[in-house]
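Listed below, chain by chain, are the residues.
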Amino acid sequence: MKSANRRLTLFRVAALLLAAVLAGGCSTTVQHSGFSQLTSAMQELREGTDRAIKHNEEISRERFILEVAEASLRDNGANAVTNLLIGSKPGEPFSWKMDELPLFMASRRFRAGVYALNSALIAYSELLSSLASPELISTAELEAEAQDLNAKLRAAVDMLGVNSSNEKLALFSTTAIEMARAYLERRRRSQLRKVLDENQPLIDQLAGRLQNAMGIAARSLRQDYEERSQRLAEDLLPGSSTALSDRTKAVRRLVDLDETYIRDLAILEALNASYGALPAAHRELRRAIVEPGASLASIEGILENGKRLSQLYEKLKADGDKQ
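Residue positions within a chain follow its written sequence, with the count starting from 1. Given that this is a predicted model, residues contribute local features only at a pLDDT of at least 70 and side-chain atom pairs are listed and counted only at 80 or more, while totals for whole chains, interfaces and linings are drawn from all residues. Remark: hydrogens and water are excluded; side-chain values derive from all non-hydrogen atoms of the structure.

(A) Highlighting the pattern of salt bridges. Salt bridges are counted wherever a side-chain nitrogen of Lys or Arg sits within 4 Å of a carboxyl oxygen of Asp or Glu. Taken as a whole and assessed by the stated rule, the structure comprises nine salt bridges. With a shortest N-O distance of 2.9 Å, glutamate 226 and arginine 222 are connected by a salt bridge. Placement of the pair is glutamate 226 and arginine 222 together in helix 7 (residues 189-234), with a separation of four residues, close to one helical turn. Residue classification places glutamate 226 among the partly exposed positions, given a relative accessible area of 32%. Only protein chains enter the area calculation, which uses a 1.4 Å probe; residues under 20% of their type maximum are buried, those over 50% are exposed, and those in between are partly exposed. Looking at arginine 222, the relative accessible area reads 36%, which means it is partly exposed. One connected set of salt bridges, linked through shared partners, spans Glu143, Glu178 and Arg181. The helix count covers DSSP runs of H or I at least four residues long, the strand count covers runs of E at least two residues long, and both are numbered beginning at the N terminus.

Next up, the structure:
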């Protein structure tokens, strides 16, 4: 009887040890919430940013039309009109160019690039989420999704002009794909952590480039603001029109320009903060694999920035409806 009890006790100890080993290595215990939260945060950021930039595009377009119309009344206004005429590049039948791209058109290009980039980051977080999910994806699906993700990233960075060389940026490197294959075969958490470790330098590099792009955009925005505001201020200098209606109109346009500029800076600031938080958010995912209570503060910060941009859009829309 004692021998049977001893065997039963040993069996229980062995079972507990096996459970502990599985808990420390098997991916079925991966905390999936962090991955899904990053996906939700990036989706919120993408939608909030796109809506806010689009609204400012519309304002900028109307202001551009008014400025060109007014410039055409002046003796030196021919250049403003000529700039509206689109040319093409020799030998490139589908190309087009303008001497000076209007701000609202440049904003459209920037908006498309930001949307594409955020979509690539969403695809990356979704692929990580698929790896962390109890439901297995096949190695063929992994490779196809990784290649598609890398293609999306390259297209986005080209649109934003943040790929300063001909190097092939990849959110999922060849080495990371090999590690992910090994993870799918063995389902051990340590291997999933290795995938994130392999990708971390790429996330760090991409975040730095994106923040640099936001800084360039802010400086370009400042230059455009200074040029436009100085032209409007000239209508308020001594010797300009003394009619109160003309001066009131100039003041109103200058105030509108100031408000739009401040809103545009707020959009770029939120994007800069979100991209700056990406490396920390990525490291949080690594900790969340094994720590159910690990902080996701950086991921939550990205989510809040997305919500802030959506709120900005709602305010802009409400202000527009009142006018």
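(B) Just the environment of serine 220, in detail. Counting through the fold element by element, serine 220 comes out in helix 7. The exposure class assigned to serine 220 is partly exposed, which follows from its relative accessible area of 44%. In the structure, serine 220 is positioned 117 residues away from leucine 103 in sequence and 9.9 Å away in space, judged by C-alpha atoms.

(C) Looking closely at the packing of helix 4 (residues 103-132) against helix 7. Here an axis means a line fitted to C-alpha atoms, over the contact stretch when the element is a helix, while the angle between two N-to-C directions is reported on a 0 to 180 degree scale. In contact at an axis separation of 13 Å, helix 4 and helix 7 are set at 165° when each is read in the N-to-C sense. Looking at the two axes, helix 4 sits roughly antiparallel to helix 7. The hand of the helix 4/helix 7 crossing is left-handed. Along its contact with helix 4, which presents Leu103, Phe110, Leu117, Leu121, Tyr124, Leu128, Leu131 and Ala132, the element helix 7 presents Leu192, Leu196, Asn199, Ile203, Leu206, Leu210, Met214, Ala217, Asp224 and Arg228. Side-chain classes follow a simple rule in which Ala, Val, Leu, Ile, Met, Phe, Trp, Tyr, Cys and Pro form the nonpolar group, Asp, Glu, Lys and Arg form the charged group, and the remainder, Gly included, forms the polar group. Residue composition of the contact of helix 4 with helix 7, grouped by class: 15 nonpolar, one polar and two charged. We call two directions roughly parallel when the angle between them is under 35 degrees, roughly antiparallel when it is over 145, roughly perpendicular when it lies between 65 and 115, and oblique otherwise. By convention, the crossing between two helices is left-handed when the near helix turns anticlockwise from the far helix through less than a right angle, and right-handed when the turn is clockwise. We call two residues in contact when some of their heavy atoms are within 4.5 Å.

(D) Representation of the layout of surface pockets within the structure. Only protein atoms enter the 1 Å grid, on which a cavity is a set of points fitting a 1.4 Å probe that cannot get out and a pocket is an open set with protein on both sides within 12 Å along at least 5 of 7 lines, lining residues being those with an atom within 4 Å of a point. Grid points are joined across faces, edges and corners, and a volume is the space filled by probe spheres set on the points. Of the pockets and cavities examined, the largest pocket occupies roughly 1,500 Å³. Residue contributions to the lining of the largest pocket peak at 15 residues, all from helix 7. Here the residues of the lining of the largest pocket sort into 21 nonpolar, twelve polar and 15 charged.

(E) Seen up close, the confidence of the model for the protein chain. Across the chain, each position has a pLDDT score giving the predictor's confidence in that residue, from 0 to 100. Here the protein chain averages 79 in pLDDT, while 85% of its residues score no lower than 70. Ranking the elements of the protein chain by mean pLDDT puts helix 1 (residues 2-25) last with 38 and helix 8 (residues 244-288) first with 89. Predicted confidence for residues 6-29 stays below pLDDT 50, and this span has 16 contacts to residues more than four positions away or in other chains.

(F) Molecular detail of the packing of aromatic side chains. Ring pairs shown here join Phe, Tyr and Trp side chains whose ring centres sit within 6.5 Å, with only the six-membered ring taken for Trp; geometry is labelled stacked below 30 degrees between planes, edge-to-face above 60, and tilted in between. Per the counting criterion, the structure on display carries two aromatic pairs. For the pair tyrosine 124 and phenylalanine 172, a centre-to-centre distance of 5.8 Å together with 65° between the ring planes defines the contact as edge-to-face. Of this pair, tyrosine 124 sits in helix 4 while phenylalanine 172 sits in the loop between helix 5 (139-160) and helix 6 (174-186); the two residues are 48 residues apart in sequence, bridging distant segments of the chain. Like phenylalanine 172, tyrosine 124 is buried. An angle of 10° between the planes, with centres 4.4 Å apart, marks the rings of tyrosine 225 and tyrosine 261 as stacked. On the criterion of sequence distance, the pair formed by tyrosine 225 in helix 7 and tyrosine 261 in helix 8 is long-range, its members being 36 residues apart. Accessibility classification places tyrosine 225 together with tyrosine 261 in one group, the buried group.

(G) Broad picture of the nonpolar core. Core analysis: the biggest nonpolar cluster contains 68 residues, and Leu131, Phe172, Tyr275 and Ile302 have the highest contact counts within it. Among the elements of the structure, helix 2 (33-71), helix 4, helix 5, helix 6, helix 7, helix 8 and helix 9 (297-322) are those that each provide at least two residues to this core. Ignoring anything within four residues of it in the chain, the contact list for tyrosine 275 reads Leu45, Val114, Leu117, Asn118, Leu121, Ala207, Leu210, Gln211 and Met214. Nine residue types can take part in a nonpolar core, namely buried Ala, Val, Leu, Ile, Met, Phe, Trp, Tyr and Cys, and a core is a set of them joined through side-chain atoms within 4.5 Å.

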